[in-house]
Amino acid sequence: MCGRYAATKDPAALIEEFAAVDLTEGRARTDHNVAPTKNVVTVVQRHPRDAEGQVLEDEPAERSLRLMRWGLVPFWAKDPSVGSRMINTRAETAKEKPAFRRALSSRRCLVPADGWFEWRRTGKEKEPFYMTGPDAASLAFAGIWESWRPKGDDAAEPLITFSIITTDATGQLTDIHHRMPLIVPKTHWDPWLDPDRSDVTDLLVPTAPEIVESLELRPVSSKVNNVRNNGPELLDRVDPGPSLDEDALFS
């Protein structure tokens, strides 16, 4: 985890929820089956820049919605294709890994989601589940981001990418998978996004038990397995059929 999630709110709703300005330039799209390498909405907080692009550190940081591609490409990477292997970042090792430590210290984001998908393996079978909150509020996944350009081409349009921080699963989620996204409670949004804070060790902890226990673990259709499927029906509950013994009882 995390390999798929749903993000269906339009920027107007996210602007209000996250107290941010919209810098997605009308390119944000509803997505019921977000997969790696897609461009999706994230929330960042940065100091403004002057006309020459210099950061105005004395000016208050502004929170904004930005489109980023899922799958972090480190600034030093030779090829952006490495991003497909860096969709997740383990909270336990992020500070030590060269691919993630710079972003963790200075480029953090929130990833708004309605919920995420995970697959429970039973023998050779994998059963999809959708994990979602108890109300209409977004789940805010902890993320880190980077800006990449081809080496030697400073004039190229930067590729902005992100990775989702994951931790050990806890509580009821351990029945589904051993990992989960780090869900940032609203009380921690400000410190997580603060561009002037470099050490977030105290925030890299498993998701609070009360958040985990409030989640609905909903069995869903295997249609979500195919990234080409994308519609609200992917989020519908699909209860498992009767077992063979139950079939025999009613035959």
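See the structure printed just above.
The written sequence of each chain sets the order in which its residues are numbered from 1. Per-residue local features of the predicted model are confined to residues with pLDDT of at least 70, and side-chain atom pairs are confined, for both listing and counting, to 80 or more; whole-chain, interface and lining totals are unaffected and use all residues. Side-chain numbers here rest on the full set of heavy atoms in the structure, without hydrogens or water.

### Examining the sheet that holds strand S1 (residues 4-7)
The following threshold applies: Think of it this way: DSSP has to see at least two bridges between two strands before they count as a pair. Note on conventions: DSSP H or I runs of at least 4 residues are helices, E runs of at least 2 residues are strands, and numbering of each starts at the N terminus. Axis definition: a line fitted to C-alpha atoms, over the contacting stretch in the case of helices. Angles run 0 to 180 degrees between N-to-C directions.
Sheet architecture is open: five strands sit in the order S3-S1-S8-S9-S13, paired in antiparallel fashion. The sheet is open, and its two borders are formed by strand S3 (31-34) and strand S13 (216-219), each paired with just one other strand. Between one strand and the next, the sheet's axes are offset by a mean angle of 30°, whatever the strand orientation. The pairing of S1 with S3 spans two bridges and is classified as antiparallel. Directly across from alanine 7, in S3, lies its bridge partner aspartate 31.

### Overview of the environment of arginine 237
Rule in force here: Partly exposed describes any residue whose relative accessible area lies between the buried limit of under 20% and the exposed limit of over 50%, with all areas from a 1.4 Å probe on protein chains only and scaled to the type maximum. Residues are treated as being in contact if the distance between any of their heavy atoms lies within 4.5 Å. Whenever a nitrogen or oxygen atom comes within 3.5 Å of another N or O atom, the pair is scored as a polar contact, on the condition that within protein one atom can donate a hydrogen and the other can accept it, and that pairs from neighbouring residues in sequence are kept only if both atoms are in side chains.
The residue arginine 237 is located in the loop between S13 and helix H5 (244-249) in this model. Arginine 237 sits in the partly exposed class, given a relative accessible area of 42%. Contact partners of arginine 237, with chain neighbours within four places excluded, come to Glu216, Leu217, Arg218 and Pro219. In this structure the side chain of arginine 237 is engaged in a polar contact, spanning 3.0 Å, whose partner is the side chain of glutamate 216. At 3.4 Å, the side chain of arginine 237 forms a polar contact with the side chain of aspartate 239.

### Here's the deal with the layout of surface pockets
The line we're drawing: Residues are called lining when one of their atoms sits within 4 Å of a cavity or pocket point, these points coming from a 1 Å grid over the protein atoms alone, where a cavity is a set in which a 1.4 Å probe fits but cannot get out and a pocket is an open set with protein on both sides within 12 Å along at least five of seven lines. Grid points are joined across faces, edges and corners, and a volume is the space filled by probe spheres set on the points.
Computed from the structure, the largest pocket encloses a volume of approximately 950 Å³. Taken together, 28 residues form the lining of the largest pocket, with Arg46, Arg49, Arg66, Trp145 and Ile160 sitting closest to its centre. When residues in the lining of the largest pocket are grouped by element, the largest group, six residues, is from strand S5 (residues 62-70). Of the voids in this model, the second largest pocket is the one considered here, and its volume is about 260 Å³. Taken together, 16 residues form the lining of the second largest pocket, with Ala137, Ser138, Leu139, Ile183 and Ile211 sitting closest to its centre. Of all the secondary-structure elements, those providing two or more residues to the lining of the second largest pocket are strand S10 (139-148) and helix H4 (209-214).

### Some words on the packing of aromatic side chains
So the rule is basically this: Classification of ring pairs uses Phe, Tyr and Trp, with its six-membered ring standing for Trp, and accepts pairs whose centres are within 6.5 Å; under 30 degrees between planes counts as stacked, over 60 as edge-to-face, and the remaining range as tilted.
Scanning all chains against the criterion turns up six aromatic pairs. Plain terms: the ring middles of tyrosine 5 and tryptophan 70 are 5.2 Å apart, the flat faces sit at 65° to each other, and that makes the pair edge-to-face. Here the residue tyrosine 5 occupies a position in strand S1, and tryptophan 70 occupies one in strand S5, the gap between them amounting to 65 residues. The class for tryptophan 70 is buried, based on a relative accessible area of 1%.

### So, the side chain of arginine 179
Looking at the element boundaries, arginine 179 is found in strand S12 (residues 179-181). For arginine 179, a relative accessible area of 5% translates into the label buried.

### Let's talk about unusual backbone geometry
Notably, glutamate 25 is not glycine yet its phi reads approximately 55°, a positive angle. Following the sequence through the fold, glutamate 25 ends up in the loop between strand S2 (21-22) and S3. On the basis of relative accessible area, glutamate 25 is assigned to the exposed category, the value being 67%. The backbone phi angle of threonine 37 is positive, close to 80°, even though this residue is not glycine. By relative accessible area, threonine 37 is classed as partly exposed at 45%.

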